[in-house]
Amino acid sequence: MHLTFLGTGAGAPSLQRNVSAIALTLSKRGDTWLFDCGEATQHQFMRSALRPGKLEKIFITHLHGDHIFGLPGLLTSRSMAGMLDPLTLYGPEGLKAFVENALSLSSSWTTYPLEIVEIEAGLVLDNGEFRVTAYPMNHVVECYGYRIEQHDKPGFLDAARLKAEGVPRGPWYQDLKQGKVIRLEDGREINGADYLGPATAGKVLAIFGDTAPTDAALALAANADVMVHETTLEAAMAEKANGRGHSTTVQAAAVAQQAGVKRMIATHFSSRYLSADRDKLLAECQSVFAATELAHDFAVVEI
């Protein structure tokens, strides 16, 4: 899996950063989930290695414009390109009205099945491979962060041992790989779990929406392999940041340190900060949590 940061700015686009959008590529096939869709996200898609036809789901953290104004264009362009695969949107109450009104008033439509799921805090989906849970953030409008947990991968099946014990190959090997019990023609029952190596722990990713410090942060980020957190303003501007439902560099890094995450990626920077300010912002984060990186547009992060 890997993340592609399509926009890392807060509020409004700048010459250096577009507004919020993060793509999560799940597999070598290119299957992609998008988290937030700020203005011109489809332009950023075209400038990246991502393929719009592989986009399966879009998760919206909240309904501020810098997180959703790219949706109508992306959805309609997908139709114009002749894409027919279904797409599901998840987000707070009001997302359905926003999308449907934008399409209706512009006489636009989609040529593919479009489902819009308005969520509450709790389990959003579990497709057997990934589980996504929404946590409430401390923002000025309803806002969520998403915890994406990959289910553990079963260990390798010991085919050599099965062969040595006289278990013939056949379609039942798929059941054995899943740890199921099968019955052979000779009446023997074979428990696949007895022939599997150690399971591989699934990856855990925490993507925060806009938020001031919140009690939900530690549960959202607990022991995550990668935590993506907004750092809208520098440490000296905590009062201003928190008053607008945002976090500072040091506050975000404190979440990473306390939650036991492996890596923190800082994003959602105020347009007041230019490239020359990156070292200062990074130093503030790393003073609390050393394993911090600053995202930039088109940065790719392996998970």
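Residues numbered from 1 in each chain as written. Predicted model: local features only at pLDDT ≥ 70, side-chain atom pairs only at ≥ 80, totals over all residues. Heavy atoms only, no water.

Okay, the pattern of salt bridges next. Enumeration according to the criterion identifies twelve salt bridges in this entry. For Asp126, the salt bridge identified is with Arg131, shortest N-O distance 3.8 Å. Residue class for Arg131 comes out partly exposed when judged on its relative accessible area of 28%. Two residues, Glu189 and Arg183, come together in a salt bridge whose shortest N-O distance is 2.7 Å. In terms of burial, Glu189 and Arg183 fall into one category: exposed. Three or more residues are tied together by salt bridges with common partners; here these are Asp126, Arg131, Arg147 and Glu149. (Salt bridge = Lys/Arg side-chain N within 4 Å of Asp/Glu carboxyl O. Buried < 20%, exposed > 50% of the residue type's maximum accessible area, 1.4 Å probe, protein only.)

Our next topic: the side chain of Thr88. Along the chain, the position of Thr88 falls in strand 5 (residues 87–91). Those residues in contact with Thr88, other than ones at most four positions away along the chain, are Glu56, Lys57, Ile58, Glu115 and Val117. (Helix = DSSP H or I, 4+ residues; strand = E, 2+ residues; numbered from the N terminus. Contact = heavy atoms within 4.5 Å.)

The feature "binding site: Zn(2+) 2" (unreviewed entry), as given by UniProt, occupies Asp66, His67, Asp210 and His268 in the numbering adopted here. Over a stretch of 203 residues, the named residues converge on one spot in the fold, their C-alpha atoms separated by at most 10.9 Å. When you line up the elements, His67 lands in helix 2 (residues 65–68). With a relative accessible area of 2%, His67 lands in the buried category. Checked against the element boundaries, His268 lands in the loop between strand 14 (263–267) and helix 10 (278–286). Under the relative-accessibility criterion, His268 is labelled buried at 3%. (UniProt positions renumbered as here; feature names shortened; annotations may be inferred.)

Another point: the packing of helix 9 (residues 249–259) against helix 10. In contact at an axis separation of 8 Å, helix 9 and helix 10 are set at 40 degrees when each is read in the N-to-C sense. Relative to helix 10, helix 9 is oriented oblique. The element helix 9 and its partner helix 10 pack so that their crossing is right-handed. Taking contact as the criterion, the partners of Thr249, Val250 and Ala253 in helix 9 are, on helix 10, Leu281, Glu284 and Cys285. (Axes fitted to C-alpha atoms, helices over the stretch in contact; angles between N-to-C directions. Parallel < 35°, antiparallel > 145°, perpendicular 65-115°, else oblique. Left-handed = near helix turned anticlockwise from the far one by under 90°.)

Let us now look at helix 4 (residues 95–105). Within helix 4 the residues assigned to the buried category are Leu95, Val99 and Leu103. Buried residues of helix 4, viewed axially, fall in a sector of 50 degrees; they line one side. For helix 4, exposure combined with an orientation more than 90 degrees from the buried face picks out Ser104 and Leu105. Those residues of helix 4 that are buried lie in contact with helix 3 (71–80), strand 5 and strand 6 (114–118). (Arc of directions from axis to C-beta.)

Moving on, we come to the environment of Lys180. Checked against the element boundaries, Lys180 lands in the loop between helix 6 (172–177) and strand 10 (181–183). Residues Lys180 and Asp194, 14 residues apart in the sequence, show an inter-C-alpha distance of 9.7 Å. Those residues in contact with Lys180, other than ones at most four positions away along the chain, are Asp175, Ile190, Asn191 and Gly192. Looking at Lys180, its side chain comes within polar contact range of the side chain of Gln178, at 3.5 Å. (Polar contact = N/O pair within 3.5 Å; in protein donor to acceptor, adjacent residues only side chain to side chain.)

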